[in-house]
Amino acid sequence: MDFRFDIIAHYIPVLLRGTAFTIGVSIVSIIFGSILGLGIGFGKMAPKAYFRWPFHCYINFFRGTPLYVQILIVHFGVVPAFYGSTNVLMTSFIALSLNSAAYSAEIFRAGIQSIDPGQREAAVSLGMTRFQAMRFIILPQAVKRMVPAFGNEFIVLVKDSSLLALIAAPEIMYWSNTMKGQYLRIWEPYLTAALIYFILTYSLSKLLNFIERKV
Amino acid sequence: MGMKKKWAVSALAAFLVLAMAGCGSGNKADSGSAGGDTIKFASDASYAPMEYMDTDKIKGFDIDFIKAVMEEAGIDYTVTNTGWDTMLSSVKQGTEYQAGLSSVSITDERKETYDYSIPYFESTNMIMVKEGSDIKSALDLKDKKVAVQAATTADELMSGIMGVDNGNLRRFDSNAVALMELNKGGADAVVADIAIVNEYIKNNPDEKLTGIIDKENFGSEYYGILYPKGSEWKAKLDPAIKKIIENGKYTEIYKTWFGEEPDTQTLLNAE
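Residues numbered from 1 in each chain as written. Chains lettered and ligands numbered in written order. Predicted model: local features only at pLDDT ≥ 70, side-chain atom pairs only at ≥ 80, totals over all residues. Heavy atoms only, no water.

Chain A is annotated in an unreviewed UniProt entry as Amino acid ABC transporter permease of Paenibacillus graminis. Reading the Subcellular location (unreviewed entry) entry of the UniProt record for chain A gives the comment "Cell membrane". As stated in UniProt under Sequence similarities (unreviewed entry), the record for chain A gives "Belongs to the binding-protein-dependent transport system permease family. HisMQ subfamily." (UniProt positions renumbered as here; feature names shortened; annotations may be inferred.)

Dropping the structure here:
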């Protein structure tokens, strides 16, 4: 079989560094994305229509345009506007967080709205405030329902971070492209990258199964 | 748990099958299918002025060059824009496309996987900086932020100078994105083929860019037509390439694209 393992061996150190970058960017982005998403999700559930509108637009924009385009816009438009020049680390965090926030917002909203309104009414009639009803009655049940969807979002985010190779973020795909360029061979870099992503997402889904059983 | 383990094993097995199907295809190279008298070239037409798409038509120096070669050889041919990766995989296989024409530089590492025609184009890499930059030569780039297109010889050269894992050497998807990075202040310089840099400077006069040629650190490199290992086309086309370089047809095409005379003697000696 014409498959050059020596090329892969040569690139393993940088591929591992790329893997660390991918993991780091994904974790930070999922954290910021979910915090932002929580706010946006509540915003979208606001009682007043004019208050809901901007959140509605946000979600539609980030879900309705490709991440590929969002990365380019953030990298060459948003980051230079605030920072003065492009910065690959900032682009990576900002683009992935903003994108993930839109999906997280819908996960939060769907999770909360899946709880029967009667539960809130019952809690309020027992003398709880609306905040207490949310905090002690609705959220604990909603979170349990959100975990699978949220885990799915995390896995998608890990895979989508490969698009950051476009702006030369030193992640897994970036190093695999470098490997491709040096030898003009495509199977070694692509299959290695695929295997690394598979190991990452597979371990992640195992971890999520574990968490699902715990909550 | 038993079920889950089984699932994991079958997932891995599926992956491996996929993997083997992928590389196995590389072994079917040029098994007689090149027997017809038409040769199909694959190209990544995103490299103006060498090869690029003008709406749905493929144009460029390489395209005019191959036209002259094929007229000389009297062989029918087509050139299709397949993108870089498809070109690499299908030319290696040699069944759908029998050759790649895409300003592919000849390097020893690549020769381990492909055959090349005799050199048909001499190029060098060039540094592009903003006016007033203190960068004067390739060695000044060592501690600067440098943008290149991934998988090009510029990438390879700068990897050699800066180190392959130097974080200041940034490899982009295309030269267009690398040039954008320079423009937005994310890089201090772009290194790319001379033809690409000149074309970009010409098309963007407002951006105040300067090109630097560094013959000492960036030696000449040569483009060749890419063939699968052991291709019979090499023997058929090499004489035609040589002929048009010698009879002046090549010089004529070169002048229409670059406005100057090529050094054909160096090119012929480079073999």
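What's the story with the UniProt feature "transmembrane region" (unreviewed entry) in chain A in this structure? I'm lost.
All names here are of chain A. Listed under "transmembrane region" (unreviewed entry) in the UniProt record, and renumbered for this structure, are residues 20–43, 64–83, 154–175 and 187–205. Its end C-alpha atoms 27 Å apart, residues 64–83 is made of 90% helix and 0% strand. Helix makes up 50% of residues 154–175 and strand 0%, whereas the separation of the span's terminal C-alpha atoms amounts to 22 Å. (Helix = DSSP H or I, 4+ residues; strand = E, 2+ residues; numbered from the N terminus.)

Please clarify how empty space enclosed by the protein should be interpreted in this entry.
Where empty space is left becomes clear once a probe the size of a water molecule has been rolled over the atoms. Residues and elements named next belong to chain B. A full pass over the atoms with the stated rule returns three cavities of 30 Å³ or more. Around the largest cavity sit 17 residues that line it, and Tyr47, Trp84, Ser102, Ser103 and Thr152 are the ones nearest its centre. Those elements that place two or more of their residues in the lining of the largest cavity are β2 (46–47) and β14 (221–223). Among the residues making up the lining of the largest cavity, the classes are represented as five nonpolar, seven polar and five charged. (1 Å grid on protein atoms, 1.4 Å probe; cavity = no way out; pocket = protein on both sides within 12 Å on 5 of 7 lines; lining within 4 Å. Points joined across faces, edges and corners; volume = space filled by probe spheres on them. Nonpolar A, V, L, I, M, F, W, Y, C, P; charged D, E, K, R; others polar.)

So what exactly am I meant to see when it comes to the nonpolar core here?
In a soluble, globular protein the nonpolar side chains are often hidden away together inside. Within the largest apolar cluster, 50 residues are counted, with the highest numbers of intra-cluster contacts made by Tyr11(A), Leu15(A), Leu164(A), Ile172(A), Met128(B) and Phe172(B). Here this core takes seven residues from helix α1 (residues 5–44) of chain A, the largest share from any one element. Beyond its immediate sequence surroundings of up to four residues, Leu15(A) is in contact with Ile172(A), Trp175(A), Ser176(A), Met179(A), Thr192(A) and Ile196(A). In this structure, Ile39(B), Phe61(B), Ile225(B) and Ile253(B) belong to the second largest nonpolar core, which totals 36 residues. (Core = buried A, V, L, I, M, F, W, Y, C linked by side-chain atoms within 4.5 Å. Buried < 20%, exposed > 50% of the residue type's maximum accessible area, 1.4 Å probe, protein only. Contact = heavy atoms within 4.5 Å.)

So what exactly am I meant to see when it comes to the packing of aromatic side chains here?
Each aromatic ring pair is specified by the distance between its two centres and by the angle formed by the two planes. All names here are of chain B. Across all of its chains, the model carries 22 aromatic pairs over all chains by this definition. When the centroid spacing of 4.9 Å and the interplanar angle of 50° are considered together, the rings of Tyr254 and Phe258 count as tilted. Taken together, the residues span about one helical turn, with Tyr254 and Phe258 both in helix α9 (residues 249–258) at a distance of four residues. Its relative accessible area of 21% is what places Phe258 among the partly exposed residues. Within the aromatic cluster, the residues linked to one another by ring pairs are Phe61, Phe65, Tyr120, Phe121, Tyr223, Tyr250, Tyr254 and Phe258. (Phe/Tyr/Trp six-rings, centres within 6.5 Å; stacked < 30°, edge-to-face > 60°.)

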